[in-house]
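# Per-entry structural report
Given next are the chains, with one letter for each unit.
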Amino acid sequence: MKSLISINDLSKDDIIRLCNRAFYHTAAHTQTLINKIIMTMFFEPSTRTKFSFESAALRLGGNILNFSSDHSSLQKGESFNDTIRMANIYSDILIIRHPEEGAAFKACDISDIPVINAGDGKNEHPSQTLLDLFTIFRERQNLDNYTICLAGDLKHNRAIHSLIYALKLFNVSVILAAPPGLELPLDLEHLIAHRLILKTSSLEKAIQNADYLYMTRVQKERDENLPDYDNSWIITPELIKIHAFKDIKIMHPLPRVNEISTELDLSSHALYFEQAKNGVFMRMAILEYALGVW
Ligand code: NCD
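So, here's what we can say about the structure. Source: prediction; values computed, not measured. (Residues numbered from 1 in each chain as written. Predicted model: local features only at pLDDT ≥ 70, side-chain atom pairs only at ≥ 80, totals over all residues. Heavy atoms only, no water.)

## Observations regarding the overall build of the protein chain
Our working rule: Numbering of helices and strands runs from the N terminus; a helix is a DSSP stretch of H or I covering at least four residues, while a strand is a stretch of E covering at least two. Partly exposed describes any residue whose relative accessible area lies between the buried limit of under 20% and the exposed limit of over 50%, with all areas from a 1.4 Å probe on protein chains only and scaled to the type maximum. Any two residues whose heavy atoms approach within 4.5 Å are treated as being in contact. We count Lys and Arg on the positive side and Asp and Glu on the negative side, and we leave His and both chain ends out. To locate a charge, take atom NZ for lysine, CZ for arginine, CG for aspartate or CD for glutamate.
Helix and strand counts for the protein chain stand at ten helices and nine strands. Taken along the three principal axes of its C-alpha coordinates, the protein chain extends 55 × 45 × 35 Å. Here the protein chain, with 294 residues, has 55% of them falling under the buried criterion. Long-range pairs, those at least 24 residues apart, make up 72% of the contacts in the protein chain between residues at least 6 apart in sequence. Counting 30 positive and 36 negative side-chain charges, the protein chain places the centres of these two groups 4 Å from one another.

In structure tokens:
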């Protein structure tokens, strides 16, 4: 049994094995989680992550226990630690999302069951990165030799932070594009210094040579004073037509606010709904990996 708190918990081989297993799930129907109880414990809003983990568990024959903080004894003053201890008694695996950085690690530290980090503050979101990589893997059959532009609020977006940890393992070229004040923290930038080919505050420049544009929204829940993107940070069909030289694919962890024009949704550039779909297959693989049932 293995927890997944950070992408750094995985080797390059582990990531490729998980992609292969997720791909297997695109066609196969296995019941590897029969008799397993999966607890989802989300202290922050979620649509895709929570439902795709639950859907993945149900598709593999598992059962869901859905913890709701509003209706739990946390409201009576119970501690986080005691809440996690109860999750250990009632379930076989815990999927946790929490606004505090390090919360998943803390839960893991006091758990005997595997813990999956479904997002801890602005720190990490490893299962999102795995489904992002799986989406690229499905397109190219490998995870090397492409250029990816990470764009938007690189400072606060945990999906970006986990993606950085993963990209340093692969032979890829990285472009960083952020509005002033939202740049990637320097410690993370240093990790991919050997992959970095351009750092810019111009989205137009950033997309010129990219195969993938990974866009993110402004993370207002991390700092309510953050301004919205100005128009130069909205991806439109015109922007792509004029400035992208390659057949660029647009990725986004979602939810989007207004940073990708809906006019692109049905275009061959849009990969963001595919990502959401691939999330179920990858999370099937993650649950099996964590529970040691494959
Ligand atoms: C991301 C998250 O929660 O960090 N969303 C997701 O899980 N699909 C990104 C975001 O909320 O912007």
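More follows now that the structure is in view.
## Digging into the sheet that holds strand β4 (residues 115-120)
Quick reminder of the rule: We treat two strands as partners when DSSP finds at least two bridges between them. The angle between two axes is taken between their N-to-C directions and runs from 0 to 180 degrees, where each axis is a line fitted to C-alpha atoms and a helix contributes only its stretch in contact.
Overall, parallel pairing links the four strands, which are arranged β2-β1-β3-β4 in an open sheet. Across the chains shown, the open sheet's two edge strands, defined by having one partner strand only, are β2 (63-67) and β4. Averaged over neighbouring strand pairs, the angle between their axes works out to 15° when direction is ignored. For strand β1 (residues 37-42) and strand β3 (residues 93-98), the ladder comprises five bridges, and the chain directions are parallel.

## Concerning the side chain of S91
Quick note on the threshold: Any pair of N or O atoms that falls within 3.5 Å is considered a polar contact. Within protein, one atom must be able to donate a hydrogen and the other to accept it, and sequence-neighbouring residues count only if both atoms are side-chain atoms.
Among the structural elements, S91 can be located in the loop between α3 (80-90) and β3. According to the relative accessible area criterion, S91 is buried, its value standing at 5%. Here the side chain of S91 touches A87 through a polar contact of 2.6 Å, landing on its backbone oxygen. In this structure, S91 is in contact with I37, M39 and I113, ignoring residues within four places of it in sequence.

## Examining the packing of helix α2 (residues 48-59) against helix α10 (residues 272-291)
The condition is simple: Each angle is binned into one of four classes, with values under 35 degrees roughly parallel, values over 145 roughly antiparallel, values of 65 to 115 roughly perpendicular, and all other values oblique. By convention the crossing between two helices is left-handed if the near helix lies anticlockwise of the far one by an angle smaller than a right angle, and right-handed if it lies clockwise. In this classification, the charged set is Asp, Glu, Lys and Arg, the nonpolar set is Ala, Val, Leu, Ile, Met, Phe, Trp, Tyr, Cys and Pro, and all remaining amino acids, among them Gly, are polar.
One way to put it is that α2 packs onto α10 with a least axis distance of 8 Å and a crossing angle of 55°. If you check the angle between α2 and α10, you find them oblique. When you trace α2 past α10, the crossing you get is right-handed. Contacts from R48, T49, S52, F53, S55, A56, A57 and R59 of α2 reach α10 at A276, G279, V280, R283, M284, I286 and L287. Among the residues making up the contact of α2 with α10, the classes are represented as eight nonpolar, four polar and three charged.

## Brief notes about a nonpolar patch on the surface
Formally: Patch membership is restricted to residues that have no salt bridge and whose relative accessible area is over 30%. Joining uses 9 Å for like charges and 5 Å for the nonpolar side chains Val, Leu, Ile, Met, Phe, Trp and Tyr. All accessible-area figures derive from a Shrake-Rupley calculation using a 1.4 Å probe, and residue coverage is judged against the displayed protein chains alone. Put simply, a salt bridge is a Lys or Arg side-chain nitrogen that is within 4 Å of an Asp or Glu carboxyl oxygen.
Side chains of L65, M86, I89 and Y90 sit close together on the surface and give an oily, nonpolar patch of about 380 Å² of accessible area. With three residues, the top contributor of residues to the nonpolar patch is α3. Looking at the secondary structure, you find Y90 in helix α3. Residue classification places Y90 among the partly exposed positions, given a relative accessible area of 48%.

## Thoughts on the side chain of E259
You can see E259 is positioned in the loop between β9 (249-251) and α10. An unpaired buried charge is present at E259: no salt bridge exists, and R217, the closest side chain of opposite charge, is 6.1 Å distant. In terms of polar contacts, E259 uses its side chain to reach the backbone amide nitrogen of V257, at 3.2 Å. Discounting residues that sit within four places of it in the chain, E259 has contacts with M215, T216, R217, Y229, W233, I234, I235 and H252.

## Looking at the site of the ligand
The line we're drawing: Definition of nearness: a residue and a molecule or strand are near each other if at least one heavy atom of the residue lies within 4 Å of the molecule or strand.
As a matter of local geometry, the ligand sits amid R48, T49, R97, H125, Q128, N157, R158, R217, Q219, P253, L254 and P255. R97 has a polar side-chain atom sitting 3.0 Å from an oxygen atom of the ligand. H125 places a polar side-chain atom, nitrogen or oxygen, 2.8 Å from an oxygen atom of the ligand. Residue composition of the shell around the ligand, by class: three nonpolar, five polar and four charged.

## Here we look at the packing of aromatic side chains
Quick reminder of the rule: Here a Phe, Tyr or Trp ring, Trp counted by its six-membered ring, pairs with any other such ring whose centre lies within 6.5 Å, and the pair is stacked when the planes are under 30 degrees apart, edge-to-face when over 60, and tilted otherwise.
One pass over the full model with this rule turns up five aromatic pairs. An angle of 50° between the planes, with centres 5.8 Å apart, marks the rings of F43 and F67 as tilted. Here F43 is found in the loop between β1 and α2, whereas its partner F67 is found in strand β2, with 24 residues between them in sequence. Overall, the relative accessible area of 21% leaves F43 in the partly exposed class. In this structure F67 comes out as buried when scored by relative accessible area, which is 14%. Both rings, one in Y272 and one in F273, keep their centres 5.0 Å apart while their planes meet at 70°; by these two values the pair is edge-to-face. On the accessibility criterion, Y272 (0% relative accessible area) is buried. Within the aromatic cluster, the residues linked to one another by ring pairs are F43, F67 and F80.

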